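# A look at the structure
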Amino acid sequence: MKLKATLFFFHFASMATLLFGQKFTVSGYLRDADTGEELLYAAVSVLGSNDGVTTNEYGYYALTLPTGKYTLTSSYVGYQNQVIDVDLTKDVRVDIELLPGAILQEVVVAAPDENSNIRSTEMGSINIDIKDIQLLPVLFGEKDVLKTIQLLPGVSPSSDGNAGFFVRGGDADQNLVLLDEAPIYNASHLLGFFSVFNSDALKGVKLYKGGVPAQYGGRLSSILDIRMKNGNARKWTASGGIGLISSRLTAEGPILDNQGSLMISGRRTYADLLVRAFSNEYDDTALYFYDLNAKANYKIGPKDRLYLSGYFGRDVFRADTRGIDWGNATGTLLWNHIFSDRIFSNTSLIYSDFDYGFAVNNAGTAIELTAGIVNYNFKQDFTWFLNPGNTLQFGINAIFHQFKPGDFSYESNDGEEPNPIFNEDLSIAPQQALETGFYLDNEQRLGSRLALYYGIRFSTFSNVGAHEVRTYNENDEITSRTNYRRGEFYNTYFNVEPRFNLNFIINSRQSLKFSYNRNYQYLHLLSNATAGTPTDIWTPSTPLVKPSSADQFAIGYWLNSKNGSYEYGIEAYHKKLQDLVDYEDGAETFLNPDLEAELVFGQGRAAGIEFLVKKKKGKLSGWVAYTLSKSERQFDAINAGNWFSARQDRTHDVAIVATYKISPRLAFSGAWIYYTGDAVTFPDGKYKVDGSVLTLYSSRNGDRMPDYHRLDLGVSWLLKEASKWNSELNFTLYNVYNRANAFSIDFRENGDTTEAVKTSLFGIVPSVTWNFNFQ
């Protein structure tokens, strides 16, 4: 009955805005005129009216209008606007191609449609153009999308130089990172100092901090939707770069009689190769990571297109007889189908696999551990461009999760007695689960002043056998065991997730927005480390471990300057989190078959105000971002049940980013970052009992690390520009004034006193990269 009422509400709200009279549809794709790449989230509007739409995730748009003559304008970040006249006396297909603008002549950090942010119902979302990333100075000169989003309001890094990030006071596992719709469960290389995303292979990035559309689910804090290039559909090209620690190469071009295109991109570090070249002492040492991105597409006909993409990346650390490695592998098969000019369909089959392991083989003893998580995902999405005032989306998805907590093996061939600790192999029972979702939403415009987005998502999560479910008492002792057969569903959660955005347009340059969304998260990341590591454990919701939930309210005000040079935004949010999961104090976490007995459950809250000022035009461009926030947690079994600061609670967070174009061949860039030190727990004292020294701790996270700040500078110098090829040099200086930011503070005994020892990772780090492009 509730579902029928919901469907009736959506139908009535949509049909109420339809006008009587004959109407026709103009539809098509927006593409890059040079490469044929579809442009995502580009604006297509009717000149002189408020009618308009944005292209979807595949560059498709549709506008239904009464019979008549219209002038369409289209715009996209870094491209020249296009104006097209259309005579609508029947349904027409109009594919629009935009010419790239002079990117190096003027760095643009927002779409040329200067007031699109005022009209949009989206709130807490940011589109990031890959071209903007190329000029920003970063550690070791590796252009990194994850480190770029850390410069935005409401987003902060997990630690110095780390690619991990927190969004609006949430935990790291509360961010859903998607690459061509496939989830990436560990998005870091080299223990977090690089992300797995090679920017040469990427086309677009969109971050949702709030106001998350109903089509997304499964995380509490953010969605980072990253799309790979389709490949140049016009001609074959090659591009790449050679840096101090890594090199990369990308090739792309048309295939199958120009009915499709192909893109292949690879990247590898070579610190181990350089070390071996100078010394034979390190012949058995490996220290590197690699990425391989590939994507192909084929047009079956005017209404059908297939995409096949994959990502394969791995880290390898090996020294003598010891080694550790981890990596991601994903595969995505997409089928786009146009049922009619106004109804667009996408069907997805998605595979994602993250695994890690370590091995030791020394003096006849071999130890090995493997673990990971695997997903199989089916998605069906529809977009219905009902009319200029209504765009409906609906769909379903089903994800089958396989959790592999750990398989440990021990073998000794030295003839000695077996080790009493490792005298047999140990395997933690794997778990399976099925997660499903159905969503329905609509973006609706009511006149020239009011725009709404409203949606709902129904999600379920079911545990699937074979598995043994255990219950525990207060002393963590097993009180019961229940065994379930293979394929048997033994526990199901069902939840409703409403989403709502409202935009009141004050005038063409000002708007006031409000949003509310509820999200549920059925997967939990268990970690004892201050920064994410590959060996963190992903575990599902179970009869004992409930799914986490979050309710977020936000309100914001946006203002654009008269000439479109400046954009101002202020956004306040409040987030309430329920059923959070953490380890109890003193938990045994390594290969513990009774890990659930070591968990505690609690709640959280976060609130903040975000300020953003952008300069979008002129030789000098950039932005200033400031966040004032508070993030707290409460667990009955931790800190005597009192509220305490989350580790990522940072009162102040500032980022100042600027790019200055000296000439068509030379550009300078800089970024200054400051944030309050992390909340940590330091010892308060110590005492001796029977000769043993015991350390006293008071409140959880009651202390602070020193405040963090640094300055990075960069220079981009175009060396050669010809019709067939060009090249440039990028110079960067990381941490210019050599700030010794604290990565950790440890306490050690020095005679009768205890002293604090600070560890810093990076001083001044210079780097240089040569980039090239052959056409």
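Counting from 1, residues in each chain are numbered in the order their sequence is written. It should be noted that, the model being predicted, local features are given only for residues of pLDDT at least 70 and side-chain atom pairs only at 80 or more, the latter also being counted only at that level, while totals for whole chains, interfaces and linings use all residues. Side-chain measures here rest on the full set of heavy atoms in the structure, leaving out hydrogens and waters.

## Points about empty space enclosed by the protein
Space left empty within the atom packing is revealed by a probe, the size of a water molecule, rolled over the atoms. Note on definitions: the grid is 1 Å and covers protein atoms alone; a cavity is a set of points where a 1.4 Å probe fits but cannot get out; a pocket is an open set with protein on both sides within 12 Å along at least five of seven lines; lining residues have an atom within 4 Å of a point. Grid points are joined across faces, edges and corners, and a volume is the space filled by probe spheres set on the points. With the rule as written, the count across this model stands at 10 cavities of 30 Å³ or more. Estimates place the volume of the largest cavity at around 430 Å³. Lining the largest cavity we find 31 residues, and of these Leu178, Gln215, Tyr216, Asn377 and Lys379 sit closest to its centre. Ranked by residues supplied to the lining of the largest cavity, first place goes to strand β25 (residues 365-387) with 6 residues. Nonpolar residues are Ala, Val, Leu, Ile, Met, Phe, Trp, Tyr, Cys and Pro. Charged residues are Asp, Glu, Lys and Arg, and all others, Gly as well, are polar. Classifying every residue of the lining of the largest cavity gives 11 nonpolar, 11 polar and 9 charged. In this structure, the second largest cavity encloses a volume near 200 Å³. Forming the walls of the second largest cavity are 20 residues, and the residues nearest its centre are Lys147, Gln150, Leu151, Ile673 and Arg710. Secondary structure elements are taken from DSSP: a helix is a run of H or I of four residues or more, a strand is a run of E of two residues or more, and numbering for both begins at the N terminus. Among the elements of the structure, α4 (145-149), β42 (666-675) and β47 (708-721) are those that each provide at least two residues to the lining of the second largest cavity. When grouped by side-chain class, the residues that make up the lining of the second largest cavity number 11 nonpolar, 5 polar and 4 charged.

## So, the sheet that holds strand β17 (residues 222-228)
A pair of strands is considered paired only if DSSP assigns at least 2 bridges between the two. A sheet is described by the order of its strands in space; here 5 strands give the open sequence β9-β16-β17-β12-β13, paired in mixed fashion. Two strands close off the open sheet at either side, each with one partner strand: β9 (125-129) and β13 (182-183). Pairing of strand β16 (residues 202-208) with β17 involves 6 bridges; the strand directions are antiparallel. Its bridge partner being in β17, Tyr208 is matched across the sheet by Ile223.

## Here's the deal with the confidence of the model for the protein chain
The predicted coordinates should not be examined in detail at positions where pLDDT is low. What pLDDT expresses is the predictor's confidence in each residue, scored from 0 to 100. This prediction gives the protein chain a mean pLDDT of 86; 90% of its residues lie at or above 70. This model gives residues 12-20 a pLDDT under 50, and the stretch forms 16 contacts once residues within four places in sequence are excluded. Two residues form a contact once any of their heavy atoms are found within 4.5 Å. Every residue in residues 102-112 is under pLDDT 50, and counting partners more than four places away or in other chains gives 37 contacts.

## Looking at the sheet that holds strand β5 (residues 68-75)
With antiparallel pairing, 4 strands are arranged side by side in an open sheet as β3-β2-β5-β6. Edge positions in the sheet fall to β3 (52-54) and β6 (82-88), since each has one partner strand and no second. Each adjacent strand pair in this sheet contributes to an overall mean axis angle of 20°, direction not counted. Two strands pair when backbone bridges link them, and β5 and β6 are joined in this way by 7 bridges, in the antiparallel orientation. Note that in β6 the partner of Thr73 across the bridge is Val83. Every axis corresponds to a line fitted to the C-alpha atoms, with the helix fit spanning only the stretch in contact, and the corresponding angles, defined between N-to-C directions, vary from 0 to 180 degrees.

## With respect to the packing of aromatic side chains
For any pair of aromatic rings, the description rests on two quantities: the centre-to-centre distance and the angle between the ring planes. Stacked, tilted and edge-to-face pairs are distinguished by plane angle, under 30 degrees for stacked and over 60 for edge-to-face with tilted covering the rest, among Phe, Tyr and Trp rings (Trp via its six-membered ring) whose centres lie within 6.5 Å. In the structure shown here, the tally under the stated rule is 29 aromatic pairs. On the basis of an interplanar angle of 65° and a centroid distance of 5.2 Å, the ring pair of Phe682 and Phe747 is categorised as edge-to-face. Remark: Phe747 occurs in strand β49 (residues 744-750) and Phe682 occurs in the loop between β43 (679-680) and β44 (685-689); sequence separation between them is 65 residues. We call a residue buried when its accessible area falls under 20% of the maximum for its residue type, exposed when it is over 50%, and partly exposed in between, using a 1.4 Å probe and counting protein chains only. Note on Phe682: relative accessible area 15%, which makes it buried. Residue Phe747 is classed as partly exposed on the basis of its relative accessible area of 34%.

## A few points about unusual backbone geometry
Note the cis peptide between Gly465 and Ala466, where omega equals 15°. As for its position among the elements, Ala466 is in the loop between β29 (450-464) and β30 (467-472). You will see that Asp257, though not glycine, has its phi angle at about 55°, which is positive. You can see Asp257 is positioned in the loop between β19 (246-255) and β20 (260-269). The class for Asp257 is exposed, based on a relative accessible area of 72%. Even without being glycine, Asn639 reaches a positive phi, approximately 60°.

## Regarding the pairing of strand β1 (residues 23-32)
β1 sits mainly inside the fold: 9 of its 10 residues count as buried. In terms of strand pairing, β1 meets strand β4 (residues 60-66) through 7 bridges, oriented antiparallel. Bridging across to β4, Ser27 finds its partner in Ala62. By the bridge criterion, 2 bridges tie β1 to strand β7 (residues 92-93) in an arrangement that is parallel. Its bridge partner lying in β7, Val26 is registered against Val92. As judged from the 3 bridges shared by β1 and strand β8 (residues 96-98), these two strands associate in the parallel manner.

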